Amino acid sequence: MKDPECPKLLDEERYSRQLYVLGLPAMQRIRAAKVLLSGLQGLGAEVAKNLVLMGVGSLTLHDPQATCWSDLASQCFLSEEDLGRNRAEVTQARLTQLNEAVQISIHPGDITEDILLGFQVVVLTASKLEEQLKVGKLCHTLGICFLVADTRGLVGQLFCDFGEDFTVQDPTEAEPLTAAIRDISQGSPGIVTLRNKDDGHSFCDGDLVVFSDIKGMVELNGGCRSIRVQKDGSLEIGDTAAFSHYLSGGTLTEVKRSKIVRHEPLDRALLQPRVVAQDAHRAHCLHQAFRALHEFQHLYGRLPQPWSPTDAETVVTLAQALEPLKGTDEARLDETLLRTVALSSAGLLSPMAAFLGAVTAQEVLKAISKKFMPLDQWFYFDALDCLPEDGGLLSPEECAPRGCCYDGQIVVFGSHFQDRLSCQNYLLVGAGAIGCEMLKGFALVGLGAGDGGGVTVADLDHIERSNLSRQFLFRPQDIGRPKAEVAAAAACNLNPGLRVTPLTHPLDPTTEHIYGDHFFSRVDGVVAALDSFQARHYVATRCTHYLKPLLEAGTQGTHGSASVYVPHVTETYNGPASEAASEEGPYPVCTLRYHPSTFEHTLQWARDTFEGLFRLSAETINHYRQARTPLADMDGQPILTSLQQVLGVLRARPQTWQDCVLWALGHWQLCFRYDIIQLRQHFPPDKVLEDGTPFWSGSRQCPQPLEFDATQDMHLLYVLAAANLYAQMHELPGSSDQTALKELLKLLLQPDPQQLNPISANNLRLAWAPAEFGSEQLKELQKALEVWSQGPPLKPLLFEKDDDSNFHVDFMTAAANLRSQNYGILPANRAQSKRIVGAIIPAIATSTAAVAGLLGLELYKVVGGPRPLRAFRHSYLRLAENYFTRFVPPAPTIQMFQGMTWTRWDRLTVPAGQPERTLESLLACLQEQHGLRVRMLLHGPAQLYSARWAPEKRAQRLALRVTELVQQVTGRVPDRGMRVLVLELSCEGEEEDAAFPPLHYELPGGSQHPTTT
């Protein structure tokens, strides 16, 4: 079927995070696409859910079967009330609630050639091999992309056939590389020197690049050239000897090349499979296992009975009798693997459906959008490591269906395991995209759905429209409501037996009176679904402190990770403690102010300017109105600078929109012309350092002052946004009328000073902030501040990235682009600016659902009881690149000191005793029991004891009871109900990199913890 020609209007606010992953052209193709999905057990429902959330244009459902008990453990749109009803009909009604922009219909009959002609993509799930071969042959002939997906217990299969000549227009998720040009030589070959030489090493030999904005050697502009990367980072671009002399400027941009994919039809691919896998032999065995299961179903009209040794042996025999695979040089089939697959193949599991449904939906998007490389062609996934390791098989009686909503799970793990799941108490931190998927999973598997069980979900955020493209439990009518409360109610609707308690308090050091000893004593495990390194790190430290298993996941675009941390089995979480720690740290002030070399620099400057002009200055003026603090006493040059600039050229409080425009125009002249002229006067373009090096060299680019031109979009946008923000701060009416603004600017820029208040050089000098404020400048500023303070309080503006009508992102986009023009830096568009300045994480429903499914599999292991390290898996995936890896986590690092060994999970414990012991007694106890001579003792940042203190001070502290000492030093009384005081110590003889386990000083009634050995 041909690509649709008329894309539908796109709700950019709803799909904003997804647009950063896919881009507008791909999203428009998705909105116009038509997909047929057959089979609506758990896997099919997951594929449908993801496609609807992501905004596919039309989805047709096909499933003639009625709902049965085994469906309910993995199909989130079905309930007990739907037993006996058609799966497609029930699912359609509930899918429609997810996204009213998606047309969802039902095809009730057979899948015929005439029906197929109406679709671009066809997906079969839970289908028989005969149906797969028939539909696959038709789709291959008709040029329709065809997918087969299936799960059997803890194994899953996905097949893609996109035809023999499928064009991938954009194979990778990465943006095209761009680089600023410093020089281009005339010669054969011509050599391009980049402003940042390191940029050159990001390119590869043979890459195509296009040139733009070059002055002088204009013959290259718009031209496309192949490059060769030199050792020094310069680029060879072919013959430039006959071209004009290069003068300045210019950028080169990578040209992303399309790729052709050629797929075999299913009948041929069955016998000669091309497999995406970590372990090719295991994948080929699973391929044959699925073929044998199809054969078993064909012979006996059913799947193997749960944990039936007889049926399992039959499947093994059938697999061994299959025609050998072509093109492989494999050892004989792994009979143990085949047998295990067969024993558990009757199961329908929510985590398996979530993971494979996400991967399948991503492949559907690839087929529709022609973005990212499709699978080539088979993908097999197994989580058989979730089964018990003790070697004893579960019995058919233990795993027999019970006629309940967990039957699809009981047939794999047994009824006793289901009982264990139901009495768990879990804490879920974060009710965003991953959090919603985890709550859905909890409801389907029955976590905490029995007596004594429960789930607590903690999230302080409220629902926004941009959440609706990924956060499955939210609907448009929920916008503005607390995420935790809405998600909890929605999860209980999925499973009325589930007990979910929502909390809208953050989990951080300020709420340890809420999430304290008593709270964690009732928690069996924690799931972290957070988008902040700082929050993840804090939650992980609490899990380490309370010895609770932690399941943690995160995504960025099509990348995702899922990790498990089990006390004393795996290493503890060791991710960065904050966003700053995960990167290179903040940019130097001098770089932002005088020597920016990247768009990120100019955007950070724009963000700082926004904060100074529209928040800090308003807060300072409001504070002055109340306290009348002299400017000379105000703390910090930045405050005085922002005050000087916010008063600007007006020198009087604005009263009208025209005043605000005048101020904005003056500030434009100040930032992008006057400041640059001043800088060039201090550091002329030809300035040379003492060693003979030009001052303006390397990453330093000599800036050029701009001339205001209202016909240029960024010039006009800056004045429009700045004037509106200035008006908002003074609570004056603004305007979005650009035509009227242009007319007003013509008047303001006229040279006649009598007509309107002009932007004179004298006024600009008044608005300009000097490097240091002398008495005269302070006096002048104080006078203006007095005038400003006579009116009502100003309104400080808090940056909000998701309101496109508030001019916040517009101001920063324009300011950053204008400053980039000053310094010859590559500009960025509004969407890129918004993502960077708003710290927006690109996100898509598929990667979210995939990592949630992977966490659900690890949850089975954690709940199932003690497991060895080899049973657990960390996972990492890149869906755009078909990269999937699972690996055993590292073991805890063992540290040693004087015969004592410990890991980060361990702690020293000393009971407080009755009556409570003194500090002297505590130190003596540590020396007697562990041979530790303490030289320093801390409680948080507070120093309780040091061996270096004077004898009098040490004697005074040693005589105090420990809680009395803590209260005296910190000024705080330990919270009522606190069971443990956590102390840190250093000891004589320790090495510099040693980190002793924390000392848990157990207060009366405190719980006991394992000690070090």
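Engineer: Can you help me understand the overall build of the chain in this one?
Structural biologist: Along its length, the chain carries 33 helices and 32 strands. Rg of the C-alpha trace for the chain: 33 Å, near the compact-globule value of 31 Å for 1013 residues, within the 12% margin. Taken along its principal axes, the extent of the C-alpha atoms in the chain is 100 × 85 × 55 Å. Within the chain, the fraction of its 1013 residues that count as buried is 55%. Of the roughly 42800 Å² of accessible surface on the chain, 50% is carried by carbon and sulfur atoms. Between the centroid of the 91 positive side chains of the chain and the centroid of its 117 negative side chains there is a distance of 2 Å.

Engineer: Would you take a moment to explain the packing of aromatic side chains for this structure?
Structural biologist: Any two aromatic rings considered together are summarised by their centre-to-centre distance and by the angle between their planes. Evaluated as defined, the whole model comprises 34 aromatic pairs. Here Phe 610 and Phe 799 contribute two aromatic rings whose centre-to-centre distance is 6.1 Å and whose plane-to-plane angle is 75°, an arrangement assigned as edge-to-face. Of the two residues, Phe 610 is situated in helix 21 (residues 599-627) and Phe 799 in the loop between helix 27 (775-788) and helix 28 (808-823); the sequence distance between them amounts to 189 residues. Summarising the aromatic geometry, the rings of Tyr 718 and Phe 811 are spaced 5.2 Å apart at their centres and angled 35° between planes, so their arrangement reads as tilted. Pair noted here: Tyr 718 is in helix 24 (residues 713-729) and Phe 811 is in helix 28, with a separation of 93 residues, a long-range link. With respect to burial, Tyr 718 and Phe 811 carry one shared label: buried.

Engineer: How do you make sense of helix 25 (residues 738-748) when you look at a structure like this?
Structural biologist: In an α-helix, one turn spans 3.6 residues, which is why side chains three or four residues apart end up on the same side. Turning to helix 25, its buried residues number three or more, namely Leu 741, Leu 744, Leu 745 and Leu 748. Relative to the axis of helix 25, the buried residues are bounded by an arc of 105° and lie together on one face. Exposed residues pointing more than 90 degrees away from the buried face of helix 25 are listed as Thr 739 and Lys 746. The backbone nitrogen of Thr 739 has a side-chain oxygen 3.1 Å away, supplied by the residue at the start of helix 25, namely Asp 737.

Engineer: Please clarify how the confidence of the model for the chain should be interpreted in this entry.
Structural biologist: When pLDDT is averaged along the chain, the result is 88; 91% of the residues meet or exceed 70. In this model residues 1006-1013 is a low-confidence stretch, pLDDT under 50, and it forms 27 contacts with partners more than four residues away in sequence or in other chains.

Engineer: Before we go on, may I ask you to explain the pattern of salt bridges in this structure?
Structural biologist: It is possible for side chains bearing opposite charge to pair when their charged atoms get close. If you walk through the whole model with that rule in mind, you get 43 salt bridges. Salt-bridge contacts for Asp 82 lead to Arg 85; the nearest nitrogen and oxygen are separated by 3.0 Å. Using a relative accessible area of 1% as the deciding quantity, one classes Asp 82 as buried. Classification of Arg 85 as partly exposed rests on a relative accessible area of 43%. Two residues, Arg 339 and Glu 313, come together in a salt bridge whose shortest N-O distance is 2.4 Å. Highlighted residues: Arg 339 in helix 11 (residues 335-343) and Glu 313 in helix 10 (residues 309-320), separated in sequence by 26 residues. Taken together, the shared-partner salt bridges connect Asp 385, Glu 858, Lys 861, Arg 873 and Arg 886 into one network.

Engineer: Explain the sheet that holds strand 22 (residues 550-556) here, please?
Structural biologist: The pairing of strands in a sheet happens through backbone hydrogen bonds and is either parallel or antiparallel. Spatially, 8 strands are ordered 20-19-18-21-22-23-24-25 in an open sheet, and the strand pairing comes out mixed. A single partner strand is all that each edge strand has here, and the edge strands are strand 20 (500-503) and strand 25 (883-887). This sheet shows a mean twist of 10° between the axes of neighbouring strands, independent of strand direction. In this structure, strand 18 (residues 425-429) lies alongside strand 21 (residues 525-528), joined through 4 bridges in parallel fashion. Bridging across to strand 21, Tyr 426 finds its partner in Gly 525. Packing against the sheet, helix 15 (residues 433-445) makes contact with strand 18, strand 19 (454-458), strand 20, strand 21 and strand 22, and its axis sits at approximately 160° to strand 18.

Engineer: Sorry if this is basic, but what is going on with the packing of helix 23 (residues 657-682) against helix 24 here?
Structural biologist: Each packed pair of helices is defined by two parameters, the angle between the axes and the distance between the axes. Contact geometry for helix 23 and helix 24: axes closest at 8 Å, N-to-C directions at 125°. Relative to helix 24, the element helix 23 lies oblique. Our pair here, helix 23 against helix 24, has a crossing hand that is right-handed. Residues Trp 657, Cys 660, Val 661, Trp 663, Ala 664, Leu 665, His 667, Trp 668, Cys 671 and Phe 672 of helix 23 lie in contact with helix 24, whose contacting residues are His 715, Tyr 718, Val 719, Leu 720, Ala 722, Ala 723, Asn 724, Tyr 726 and Ala 727. When grouped by side-chain class, the residues that make up the contact of helix 23 with helix 24 number 16 nonpolar, 3 polar and no charged.

Engineer: I would appreciate a short explanation of the sheet that holds strand 6 (residues 155-161) in the present structure.
Structural biologist: Taken in spatial order, the 8 strands make up an open sheet running 3-2-1-4-5-6-17-16, and their pairing is mixed. Each of the sheet's edge strands pairs with one partner strand only, and the pair in question is strand 3 (103-106) and strand 16 (275-276). Two elements, strand 1 (residues 34-38) and strand 2 (residues 58-62), share 5 bridges in a ladder whose sense is parallel. Across the sheet, residue Val 35 finds its bridge partner in strand 2, namely Leu 59. Strands strand 5 (145-152), strand 6, strand 16 and strand 17 (378-382) of the sheet are contacted by helix 9 (residues 280-300), whose axis makes an angle of about 90° with strand 17.

Engineer: Just to check I follow, could you spell out the side chain of Gln 75 for this structure?
Structural biologist: Residue position: Gln 75 is located in the loop between strand 2 and helix 4 (87-95). Within the local environment of Gln 75, its side chain forms a polar contact with the backbone oxygen of Leu 40, the two atoms lying 3.1 Å apart. A polar atom in the side chain of Gln 75 sits 3.0 Å from the side chain of Thr 91. With near-sequence residues (within four places) excluded, Gln 75 lies in contact with Leu 40, Gln 41, Gly 42, Ala 45, Thr 91 and Leu 444.

Engineer: Please explain the pairing of strand 31 (residues 980-987) as it appears in this structure.
Structural biologist: Put simply, side chains in a regular strand alternate between the two faces of the sheet. Within strand 31, 6 of the 8 residues are buried, leaving the element largely enclosed by the surrounding structure. Relative to strand 31, strand 29 (residues 934-939) is paired through 4 bridges, and the arrangement is antiparallel. What sits directly across from Met 936, in strand 31, is Ser 986. Sheet analysis places strand 31 next to strand 32 (residues 999-1002), joined by 4 bridges and oriented antiparallel. Directly across from Val 980, in strand 32, lies its bridge partner Glu 1002.

Engineer: For this particular structure, what's the right way to read the pairing of strand 14 (residues 251-254)?
Structural biologist: Two elements, strand 8 (residues 178-184) and strand 14, share 3 bridges in a ladder whose sense is antiparallel. Looking at the pairing, Ala 180 lines up with Thr 251 of strand 14. Here strand 10 (residues 208-212) pairs with strand 14 via 4 bridges, running antiparallel. Looking across to strand 14, one finds that Val 210 is bridged to Thr 253.

Engineer: Explain the packing of helix 23 against helix 25 here, please?
Structural biologist: The contact between helix 23 and helix 25 brings their axes to 11 Å, and the two run at 70°. As far as their axial angle goes, helix 25 and helix 23 are roughly perpendicular. Where helix 23 crosses over helix 25, the handedness of that crossing is right-handed. Note on element contacts: helix 25 touches helix 23 through Leu 741, Leu 744, Leu 745 and Leu 748, opposite Trp 657, Gln 658, Val 661, Leu 662 and Leu 665. When its residues are assigned to classes, the contact of helix 23 with helix 25 shows 8 nonpolar, 1 polar and no charged.

Engineer: Would you take a moment to explain the nonpolar core for this structure?
Structural biologist: Nonpolar side chains in soluble globular proteins tend to be buried together. Of all hydrophobic cores here, the largest spans 165 residues; its most connected members are Leu 51, Leu 59, Val 122, Leu 154 and Leu 439. Ranked by residues supplied to this core, first place goes to helix 30 (residues 845-863) with 12 residues. Ignoring any residue separated from it by four or fewer positions in sequence, one finds Leu 59 in contact with Val 35, Leu 37, Ala 48, Leu 51, Val 52, Leu 95, Gln 103, Ile 104 and Ser 105.

Engineer: Before we go on, may I ask you to explain the state of the cysteines in this structure?
Structural biologist: When the sulfur atoms of two cysteines share a covalent bond, that bond is a disulfide. Counted by the stated rule, this structure contains 0 disulfides. Note on Cys 399: no disulfide assigned, nearest cysteine sulfur contributed by Cys 404 at a separation of 12 Å. Cys 436 forms no disulfide, and the closest cysteine sulfur to it belongs to Cys 76, at a distance of 12 Å.

Reading the values: the criteria
Residues numbered from 1 in each chain as written. Predicted model: local features only at pLDDT ≥ 70, side-chain atom pairs only at ≥ 80, totals over all residues. Heavy atoms only, no water. Helix = DSSP H or I, 4+ residues; strand = E, 2+ residues; numbered from the N terminus. Rg over C-alpha atoms; globule rule 2.2 N^0.38 Å. Buried < 20%, exposed > 50% of the residue type's maximum accessible area, 1.4 Å probe, protein only. Areas by Shrake-Rupley, 256 points an atom, 1.4 Å probe, with all protein chains shown as cover. Lys, Arg positive; Asp, Glu negative; His and termini not counted. Charge placed at Lys NZ, Arg CZ, Asp CG, Glu CD. Phe/Tyr/Trp six-rings, centres within 6.5 Å; stacked < 30°, edge-to-face > 60°. Arc of directions from axis to C-beta. Polar contact = N/O pair within 3.5 Å; in protein donor to acceptor, adjacent residues only side chain to side chain. pLDDT = per-residue confidence, 0-100. Contact = heavy atoms within 4.5 Å. Salt bridge = Lys/Arg side-chain N within 4 Å of Asp/Glu carboxyl O. Pairing = 2+ DSSP bridges. Axes fitted to C-alpha atoms, helices over the stretch in contact; angles between N-to-C directions. Parallel < 35°, antiparallel > 145°, perpendicular 65-115°, else oblique. Left-handed = near helix turned anticlockwise from the far one by under 90°. Nonpolar A, V, L, I, M, F, W, Y, C, P; charged D, E, K, R; others polar. Core = buried A, V, L, I, M, F, W, Y, C linked by side-chain atoms within 4.5 Å. Disulfide = S-S within 2.5 Å.

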